[in-house]
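Residue strings, one per chain:
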Amino acid sequence: MTHNNFIYIAVMALVSYAIRVLPLTLIRKPIKNQFIQSFLYYVPYVTLAVMTFPAIVEATQSPVAGAIALVVGILAAWFGASLFQVSVACCAVVFVIELFL
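Quantities reported herein were computed from a predicted structural model and do not represent experimental measurements.

As a further point, take the environment of I31. Locating I31 in the fold gives a position in the loop between α1 (3-26) and α2 (34-58). Non-local contacts of I31, meaning those with residues more than four positions away in its chain, are made with I36, Q37 and L40.

Here it is in structure tokens:
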């Protein structure tokens, strides 16, 4: 490992630490702005969706199978299926589509 790599790691550590500590030190009062509250409420969900969506499409042999399984999963969840039922339905869809492709 060269000397520059240690500098890169130190800078990454400082940036990671700063983005976690600065909000705690700068924002001491409760947030009363409705827009900011709703924005912060949905950040974890959006982050999870952004990380999960590419994996859903690329985890299968065919991106078409992943996309169709995503649609089936969304519809199953919309109509009240449990998490286990949604996952079984998505796996079954991928299995059947990849069987015939």
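Don't stop here, the text continues.
Scanning the entire structure with this criterion turns up 3 aromatic pairs. An angle of 55° between the planes, with centres 5.8 Å apart, marks the rings of Y41 and Y45 as tilted. With Y41 and Y45 both in helix α2, this residue pair falls 4 residues apart, about one helical turn. On the basis of an interplanar angle of 55° and a centroid distance of 6.4 Å, the ring pair of Y42 and Y45 is categorised as tilted. Separated by 3 residues within a single helix, Y42 and Y45 lie in helix α2, roughly one turn from each other. Members of the aromatic cluster, joined through ring pairs, are Y41, Y42 and Y45.

Let us now look at the nonpolar core. One finds A65, A69, A76, V86, C90, V93, V94 and I97 forming the largest nonpolar core, which totals 8 residues. Looking at this core, the elements with two or more residues in it are α3 (63-78) and α4 (83-100). The greatest single-element share of this core, amounting to 5 residues, is contributed by α4. Setting aside residues up to four positions removed in sequence, A65 forms contacts with T60, V94, I97 and E98.

Reading guide: rules and limits
Residues numbered from 1 in each chain as written. Predicted model: local features only at pLDDT ≥ 70, side-chain atom pairs only at ≥ 80, totals over all residues. Heavy atoms only, no water. Helix = DSSP H or I, 4+ residues; strand = E, 2+ residues; numbered from the N terminus. Contact = heavy atoms within 4.5 Å. Phe/Tyr/Trp six-rings, centres within 6.5 Å; stacked < 30°, edge-to-face > 60°. Core = buried A, V, L, I, M, F, W, Y, C linked by side-chain atoms within 4.5 Å. Buried < 20%, exposed > 50% of the residue type's maximum accessible area, 1.4 Å probe, protein only.

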